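# Structural description and commentary
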Amino acid sequence: FFFFFSEQHLRHVEKDVLIPKIMREKARERCSEQVQDFTKCCKDSGILMVVKCRKENSALKECLTAYYNDPAFYEECKMEYLKEREEFRKTGIPTKKRLQKLPTSM
């Protein structure tokens with residue numbers, strides 16, 4: 001017999017790997033100020049970054065964690081993933097390849 005899974009059904013790898021990957025990417029975009037501050041501090045501090053960049057590291061972790069723990073943000077990323085999955089099932093082309101610009105002819 002056949003099992004029917006709705007479009008909303010998520011496999012383990014989707015819930016635990018693919019959607020969290022989207023969450024990390026989007027959270028880093030939304031925390032871009034903290035990412036920039038931490039990155040600049042690390043570059044400026046060299047090997048002392050562990051000691052000198054605690055404030056920037058804490059601010060970045062706080063920002064990212066707020067997104068990771070937000071159920072609405074998870075749902076937003078899940079819906080984005082489902083949309084990408086549906087489009088892939090229709091076209092057979094991964095989103096990243098579809099979004100790449102074609103090279104212009106000379």
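Described in the following lines is the structure provided in the data block. (Residues numbered from 1 in each chain as written. Predicted model: local features only at pLDDT ≥ 70, side-chain atom pairs only at ≥ 80, totals over all residues. Heavy atoms only, no water.)

This paragraph deals with the side chain of Lys26. Relative to the assigned elements, Lys26 resides in helix α1 (residues 12-30). The exposure class assigned to Lys26 is buried, which follows from its relative accessible area of 16%. With sequence-adjacent residues up to four places away left out, Lys26 is seen in contact with Phe73, Glu76, Cys77 and Glu80. (Helix = DSSP H or I, 4+ residues; strand = E, 2+ residues; numbered from the N terminus. Buried < 20%, exposed > 50% of the residue type's maximum accessible area, 1.4 Å probe, protein only. Contact = heavy atoms within 4.5 Å.)

As a further point, take the state of the cysteines. In this structure the tally under the stated criterion is 2 disulfides. Two residues, Cys31 and Cys63, share a disulfide whose sulfurs are 2.0 Å apart. Taking the sign of the torsion about the S-S bond as the criterion, the disulfide between Cys31 and Cys63, at about -90°, is left-handed. Note that Cys31 is positioned in the loop between α1 and α2 (32-45) and Cys63 in helix α4 (residues 54-68), a separation of 32 residues in sequence. Judged by relative accessible area, Cys31 falls into the buried class, the value being 0%. There is a disulfide in this structure between Cys41 and Cys53, and the S-S distance comes to 2.0 Å. (Disulfide = S-S within 2.5 Å.)

With 19 residues, α1 should reach 27 Å at 1.5 Å per residue; the first-to-last C-alpha distance of 26 Å fits that figure. At Pro20, α1 shows its maximal kink, close to 25°. If you check which residues of α1 are buried, you get Glu14, Ile19, Pro20, Ile22, Met23, Lys26 and Ala27. Where α1 is buried, its residues meet α4 and α5 (71-91). (Expected span 1.5 Å × (residues − 1). Bend = angle between axes of the 7 residues up to and from the residue.)

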